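Here's the letter readout for the chains.
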Amino acid sequence: QVQLVESGGGLVQAGGSLRLSCAASGTTFSINVMGWYRQFAPGKQRELVARISRRGTTAYVDSVKGRFSISRDNAKNTVYLQMNSLKPEDTAVYYCHAESIGLNYYWGQGTQVTVSS
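Residues numbered from 1 in each chain as written. Predicted model: local features only at pLDDT ≥ 70, side-chain atom pairs only at ≥ 80, totals over all residues. Heavy atoms only, no water.

Let us now look at the overall build of the protein chain. Check the secondary structure of the protein chain and you find zero helices and eleven strands. Starting at the N terminus and ending at the C terminus, the protein chain contains elements arranged as β-β-β-β-β-β-β-β-β-β-β. The C-alpha extent of the protein chain, read off along each of the three principal axes, is 40 × 30 × 20 Å. Across the 117 residues of the protein chain, 43% fall into the buried class. Within the protein chain, contacts between residues separated by at least 24 positions form 52% of all contacts whose residues are at least 6 apart in sequence. As displayed, the protein chain has an accessible area near 6100 Å², and 50% of this comes from carbon and sulfur atoms. Computed over 12 positive and 7 negative side-chain charges, the separation of the two mean positions in the protein chain equals 4 Å. (Helix = DSSP H or I, 4+ residues; strand = E, 2+ residues; numbered from the N terminus. Buried < 20%, exposed > 50% of the residue type's maximum accessible area, 1.4 Å probe, protein only. Contact = heavy atoms within 4.5 Å. Areas by Shrake-Rupley, 256 points an atom, 1.4 Å probe, with all protein chains shown as cover. Lys, Arg positive; Asp, Glu negative; His and termini not counted. Charge placed at Lys NZ, Arg CZ, Asp CG, Glu CD.)

Across all of its chains, the model carries one disulfide by this definition. The residue that forms a disulfide with C22 is C96, at a sulfur-sulfur distance of 2.0 Å. Its S-S torsion of about -85° marks the bond between C22 and C96 as left-handed, since a negative value means left-handed. You can see C22 sitting in strand β3 (residues 18-26) and its partner C96 sitting in strand β9 (residues 92-100), a full 74 residues away along the chain. When sorted by exposure, C22 lands in the same class as C96, which is buried. (Disulfide = S-S within 2.5 Å.)

Looking now at the packing of aromatic side chains. Applying the stated criterion across every chain, the model contains two aromatic pairs. Note on Y37 and W107: the rings are 5.0 Å apart at their centroids and 70° apart in plane angle, and the pair reads as edge-to-face. One end of the pair, Y37, is in strand β4 (residues 31-39); the other, W107, is in strand β10 (residues 105-107), and 70 residues separate them in sequence. Taking relative accessible area as the criterion, W107 reaches 37% and is therefore assigned partly exposed. Between Y95 and W107, the ring centres sit 6.5 Å apart and the planes meet at 90°, which makes this aromatic pair edge-to-face. Linking Y95 in strand β9 with W107 in strand β10, this pair joins segments that are twelve residues apart in sequence. Over the face of the ring belonging to Y80 we find R19, whose NZ or CZ atom lies 4.1 Å from the ring centre. Of note, R46 hangs over the ring of W107, and the distance from its end group to the ring centre comes to 4.6 Å. (Phe/Tyr/Trp six-rings, centres within 6.5 Å; stacked < 30°, edge-to-face > 60°. Lys NZ or Arg CZ within 6 Å of the ring centre and 35° of its normal.)

Now the structure itself:
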């Protein structure tokens, strides 16, 4: 089992920056891909924001390209999401996600990001 704990959310003005962190514990050796999803409202489908493989291959949703950057420290079992030039439409609950080699999926508890205009 893998446990994920997020930190770094909060309230920021449009144009500002936030950095999210997600620390993994448990059977971390099994983790292949880590990433961040967001949910704009309760009951809405979560949207993939960015993901990074163990080797560092990254992918982003189009709406955040050039503004967000995902990185990973395998030694610390931690993934980061640096969010710059934030917009009000980035307001959402952000969830850390991990995918194991055996295709098990794990989620963090979520952290609120609110961008005021």
